[in-house]
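Structural overview
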Amino acid sequence: MWSRWKLLNLGCRFINYKPWRWRSSTACDRALEYKIGEKIHGFTINQVTPLPELFLTAVKLNHDSTGAQYLHVAREDKNNLFSVQFRTTPMDSTGVPHILEHTVLCGSMKYPCRDPFFKMLNRSLATFMNAFTASDYTLYPFSTQNSKDFQNLLSVYLDAVFFPCLRELDFWQEGWRLEHENPTDPQSPLVFKGVVFNEMKGAFTDNERIFSQYLQNQLLPDHTYSVVSGGDPLSIPDLSWEQLKQFHATHYHPSNARFFTYGNLPLEQHLRQIHEEALSKFQRIESSTTVPAQKLWDIPREYHVTCGPDTFATDSTKQTTISVSFLLPEYNGYTREAYFSVGLQGIADKHMETVKNIITRTIDEVIEKGFEDNRVEALLHKIEIQMKHQSTSFGLALTSYIASCWNHEGDPTELLNLGKQVTQFRKCLKENPNFLQEKVKQYFKNNQHRLTLSMSPDEKYYEKQAQMETEKLKQKVDSLSMKDRQQIYEKGLELRTLQSKPQDASCLPALKVSDIERTISFTELDIALAADEIPVQYCAQPTNGVVYFRAFSSLNTLPEELRPYVPLFCSVLTKMGCGIYDYREQAQQIELKTGGMSVTPHVIPDDSHLDMYEQGVLFSSLCLDRNLSDMMHLWSEIFNNPHFEDEEHFKVLVKMTAQELSNGIPDSGHLYASIRASRTLTPAGDLQETFNGMDQVRLMKRIAETSDLKPILRKLPRIKKHLLNCDNMRCSVNAAPQQMSQAGKEIENFIKNLGRSKKERKSVRPHVIEKPDSKPVGGDFINCPQIIRKLITDPTFKPCQMKTHFLLPFPVNYVGECVRTVPYTDPDYASLRILARLMTAKFLHTEIREKGGAYGGGAKLSSNGIFTFYSYRDPNSIETLQCFEKAVNWAKSGSFTLEDIDEAKLSVFSVADAPVAPSDKGMDQFLYGLSDEMKQAHREQLFAVSHEQLINVSNKYLGIGQSTRGLAILGPDNVNIDKDPSWR
């Protein structure tokens, strides 16, 4: 995976190591016992730093013989994480670090089978496995809650990065290759193929990514940041296999490595395994990967680029993006030196000078007047919330957070000491009230290393890109001799044979199904009535001084014509002002008193009937316990006195929402395809499309193009009448036990202050079924009130097939095929869930990714009983639909082993048993009505899934004509689809 900011993909072996230090009660206490200079398994301890505000102890070490750096973060968290990163500094845009990241995961000396990374996804209980190529480093992280699994994965990861096979055919598959369009027909034309090649073609359909890539290239033009680390599709075919191997030799060495471990497992065990399996086989070298400081400019620069037109843009004349960026050489960001950018997208060309003037004027005003104290406090409050909020992926967040700083010899421990940084910042402000103004003047006003970058669409952008690719292809093909052509044909056949050959993965370590816990731990919940009418679920958890509040309100009485506008209502509700606050003051109060307030529409499937669902809106927020009263007061004002009058601000919010939806299509195209494909399969499908599908994208585009928004604005108070009251509402609180009493009082006041309908509103849909939830664990079973869900059903509904092609100017496709199956409590649901994973790992991955060249693809079973086949950034479309059909035939034939089934179970349980944060405990019960008893029953069904059951459900539901299915494709013009009248 390539990301300019984020992370990338991977997989290990159990060695029976025994920890020799396990004395104290907590991981932090044990870490504090280490002494500076202490030597452990070839490493020397350099620093031990307690960071109590984050409940962790950081231990820094160095490997004696190679110089490898190591940071261990001890924390009482069972979701342990490992990562290793290398500074990777390419000097061209062939994508060598990105293709290398893919290729090292295709087999290693100890684990020579093909693609051990993807195979380990099915042989482990990992909570995360991936790899990431950033601009100047490559990171390989995994996490798991199982200590044996940790050692297995660590073994595979170490062998992958330090001793990869780097076979030529793997380079062909993952990077790029010339291959016949039909590999078995030497007369068919030669074309470019390859996973990374297609991934990057898809990545550069995202205009935001194009802009940010050019911004970095132009602002930091002297070294590695002037190139595309992920690979420019027009440059990728210039990379040779020999260059790939050389890049590994010079960059993937322990002397250029930084190891990170996190959690409650003993450090000694990690050090011993890393030393014995990898580092002991190397000697120190002088790394030549250092990134030099960028030479500072004497005068600012300007640069203009083009991109593809946005077919969902709200105004075709307003598609220009402009930003002003400043290099900050004293700070580390995502690059060696940080930079600060400010700008706008969706403007007209003629307004570029206006935007530049606004930025300049704003900087001058800040230097003159400074910042309001409340704005500064709001940002410091945000940091405090971040420090206290407990995430299930805290280790992953830490390794991502420190990666860039540590990559350039910064001190990761200092970076983690947020409390110290906040204290130092407050001291600077106290000693010098003009501290921030002076920094703004220094870094912005007087900074000559300033880039003004603009980007506008070119109607022929994709046509030109395709033409350049055609010319590149012609250049490559014309240079081939007859011998070269014959070798390409033979290599293509060899690769296809290898991809089709059954793989022996017995060399890889694996957990067994017997390693999985047979039962889940039950969460204690209490339910009480607030104001004698509204059920409130209380879940006492160690939330570290943070209170989490949710409310769910039904949409049953909302008129049909208002339903499409519910997502817009949710988007703007907390951004237009309320009570005595205008929208700016409201935003400031939310930042000062909460960790965020969100409003989202939900379509919740029933657990036992496909044709029943609950529709509503979820209100969510969190705050420090001292601010609970203020947070609930804000909710009261939002519910009782929201502002819907400011048409100008509403217009801005509408355009932002429309633009965000449009921007999200390149990364979420497969989700949009799946939502559309399932639209006509259940009664809830149409509402899902209305709220979350391409229909919503198109609606927002139309609204944003409307000059007079008053008719839309007038719909918001009408929606409010049906939604912002306590008719058919339920609430939940997750907080520490000592906070529950206060929380109960605050919610009681909140409910009492809410409006009520003067007369009972009737549901718009005539068929409403009241369904009580099961009693929660831990409460007073006799007197405990129940949550009653009012479910919508439609006795006249008949599922039907629909095939939709959304024409988009992308060079890749997003394909979805959905099949109606069974609800969660049906015994066949567990078999279908295992089957989806089995088909993905044992058939679809090979056919769609390895052979087809798509970046991703597979099958999944959703909670609404819809079985989905999908592909992502796929050069194919109709061929992929044929792969889906072949996958069904493969499943019906039973061509899989008991070991395959066990691997699929492991993969499913790794998701089912993923850690749940204290803030989210009990949410399955609150939102979906899934009790722990129901989840345990489903768990037992998963364990019991057999070979015979998998064949049975394949025949019963997935065969053509067995169940109703829908298809959708997002992508370029397709002559085959155009000829077929069944496609819409």
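Residues numbered from 1 in each chain as written. Predicted model: local features only at pLDDT ≥ 70, side-chain atom pairs only at ≥ 80, totals over all residues. Heavy atoms only, no water.

In the nomenclature of an unreviewed UniProt entry, the chain corresponds to Pitrilysin metalloproteinase 1 from the organism Monodelphis domestica. As recorded by UniProt, the Subcellular location (unreviewed entry) comment attached to the chain reads in full: "Mitochondrion matrix". (UniProt positions renumbered as here; feature names shortened; annotations may be inferred.)

What follows deals with the sheet that holds strand β14 (residues 338-347). Strand order across the open sheet formed by four strands is β12-β15-β13-β14, with mixed pairing between neighbours. What marks the edges here is a single partner per strand, and that holds for β12 (301-307) and β14. Strand-to-strand twist in this sheet, taken as the mean axis angle between neighbours without regard to direction, amounts to 15°. The pairing of strand β13 (residues 320-328) with strand β15 (residues 450-457) spans six bridges and is antiparallel. Residue T321 lies in a different strand from β15, and its bridge partner there is M455. (Pairing = 2+ DSSP bridges. Helix = DSSP H or I, 4+ residues; strand = E, 2+ residues; numbered from the N terminus. Axes fitted to C-alpha atoms, helices over the stretch in contact; angles between N-to-C directions.)

Before going further, it helps to spend a moment on the domain arrangement of the chain. What the domain assignment reports for the chain is domain 1 (27-511) and domain 2 (800-979). Computed from C-alpha coordinates alone, the two centres of domain 1 and domain 2 are separated by 30 Å. Between domain 1 and domain 2, roughly 2,800 Å² of surface is buried when both sides are summed, and carbon and sulfur atoms account for 57% of that area. Between the two partners, domain 1 and domain 2, sit four salt bridges. The closest approach of N and O atoms between R849 and E174, which form a salt bridge, is 3.2 Å. Counting across the interface, domain 1 meets domain 2 through 10 residue pairs in polar contact (both at pLDDT 80 or more). At the level of secondary structure, the elements contributing two or more residues to the side of domain 1 that touches domain 2 comprise α5 (168-174), α6 (195-203) and α17 (482-500). Considering each element in turn, the side of domain 1 that touches domain 2 owes the most residues, six residues, to α6. Tallied by class, the residues present in the side of domain 1 that touches domain 2 amount to 10 nonpolar, 17 polar and eight charged. (Domains from an automatic or database assignment. Buried area = accessible area lost by both parts, 1.4 Å probe. Salt bridge = Lys/Arg side-chain N within 4 Å of Asp/Glu carboxyl O. Polar contact = N/O pair within 3.5 Å; in protein donor to acceptor, adjacent residues only side chain to side chain. Nonpolar A, V, L, I, M, F, W, Y, C, P; charged D, E, K, R; others polar.)

The full count for this structure, using the stated rule, is 58 salt bridges. With its nearest N and O atoms 3.0 Å apart, the salt bridge here joins E903 to K842. Of the two residues, E903 is situated in helix α29 (residues 898-912) and K842 in helix α27 (residues 827-851); the sequence distance between them amounts to 61 residues. Owing to a relative accessible area of 8%, E903 belongs among the buried residues under this scheme. If you follow the salt bridges from partner to partner, you end up with R123, K842, E899, D900 and E903 in one network. (Buried < 20%, exposed > 50% of the residue type's maximum accessible area, 1.4 Å probe, protein only.)

Here the focus is the side chain of E746. Residue placement: E746 occurs in helix α26 (residues 740-753). The side chain of E746 sits in the buried core without any salt bridge; K745 is the nearest counter-charge, 8.6 Å away. (Lys, Arg positive; Asp, Glu negative; His and termini not counted.)

Right, let's get into a negative patch on the surface. Judged by side-chain charge, D582, E585, E645 and D646 come together as a negatively charged surface patch. Looking at the element boundaries, D646 is found in the loop between α20 (628-640) and α21 (647-677). (Patch = residues over 30% accessible without salt bridge, like charges linked within 9 Å, V, L, I, M, F, W, Y side chains within 5 Å. Areas by Shrake-Rupley, 256 points an atom, 1.4 Å probe, with all protein chains shown as cover. Charge placed at Lys NZ, Arg CZ, Asp CG, Glu CD.)

Here we have five strands laid out as an open sheet, ordered β24-β28-β25-β27-β26, and mixed in their pairing. Strands with a single pairing partner mark the edges of an open sheet, and in this sheet they are β24 (803-807) and β26 (856-861). On average, adjacent strands in this sheet sit at an angle of 10° to one another, irrespective of strand direction. As paired elements, strand β25 (residues 813-820) and strand β27 (residues 866-874) share seven bridges and run antiparallel to each other.

With that settled, the discussion passes to the packing of aromatic side chains. Taken as a whole, this structure holds 40 aromatic pairs when the rule is applied. Seen in terms of ring centroids, F43 and Y70 are 5.4 Å apart; in terms of plane orientation they differ by 75°. Their pairing is edge-to-face. Here F43, found in strand β2 (residues 43-51), pairs with Y70, found in strand β4 (residues 69-74); they are 27 residues apart in sequence, far enough to count as distant. One exposure class covers both F43 and Y70, and it is buried. The side chain of R518 reaches across the aromatic face of F943, ending 3.7 Å from its centre. (Phe/Tyr/Trp six-rings, centres within 6.5 Å; stacked < 30°, edge-to-face > 60°. Lys NZ or Arg CZ within 6 Å of the ring centre and 35° of its normal.)

For the rest of this paragraph, the subject is the packing of helix α22 (residues 683-692) against helix α23 (residues 694-705). In contact at an axis separation of 5 Å, α22 and α23 are set at 40° when each is read in the N-to-C sense. Judged on the interaxial angle alone, α23 and α22 are oblique. Of the two possible hands of crossing, α22 and α23 adopt the one that is right-handed. In this structure, α22 contributes E689, T690, F691 and N692 to the contact, and α23 contributes M694, D695 and Q696. Of the residues assigned to the contact of α22 with α23, the class counts are two nonpolar, three polar and two charged. (Parallel < 35°, antiparallel > 145°, perpendicular 65-115°, else oblique. Left-handed = near helix turned anticlockwise from the far one by under 90°. Contact = heavy atoms within 4.5 Å.)

A separate point is α26. Between its first and last C-alpha, α26 extends 20 Å over 14 residues, near the 20 Å set by a 1.5 Å rise per residue. Here α26 has its buried residues at M740, A743, G744, E746, I747, F750 and I751. Along the axis of α26, the buried positions cluster into a sector of 170°, meaning they face one direction only. Projecting away from the buried face of α26 at angles above 90 degrees are the exposed residues K745 and K752. Where α26 is buried, its residues contact β16 (526-530), β17 (534-540), β18 (546-554), α20 and β21 (729-735). (Expected span 1.5 Å × (residues − 1). Arc of directions from axis to C-beta.)

For the α-helix, the turn length of 3.6 residues means that residues three or four positions removed from each other point alike. Along its 16 residues, helix α28 (residues 878-893) runs 23 Å from first to last C-alpha, staying within 8% of the 22 Å computed at 1.5 Å per residue. Taken as a whole, α28 has its buried residues at T880, L881, C883, F884, A887, V888, W890 and A891. What you see down the axis of α28 is that its buried residues fit within an arc of 165°, all on one side. In this structure, the buried residues of α28 make contact with β25, α27, β27, α32 (947-958) and β28 (965-971).

Now for the nonpolar core. One finds F82, Y140, F162, F259, I274, I665 and L970 to be the most contacted residues of the largest nonpolar core, which totals 105 residues. No other element matches helix α4 (residues 147-162), which puts nine residues into this core. Two domains share this core, each providing at least three of its residues, namely domain 1 (27-511) and domain 2 (800-979). Ranked by size, the runner-up nonpolar core spans 67 residues in total, among them L568, M597, V599 and I638. (Core = buried A, V, L, I, M, F, W, Y, C linked by side-chain atoms within 4.5 Å.)

A few words on unusual backbone geometry. Phi angles above zero are rare outside glycine, and F55 is one such case at about 55°. Counting through the fold element by element, F55 comes out in the loop between β2 and β3 (56-63). Residue F55 is classed as partly exposed on the basis of its relative accessible area, which comes to 44%.

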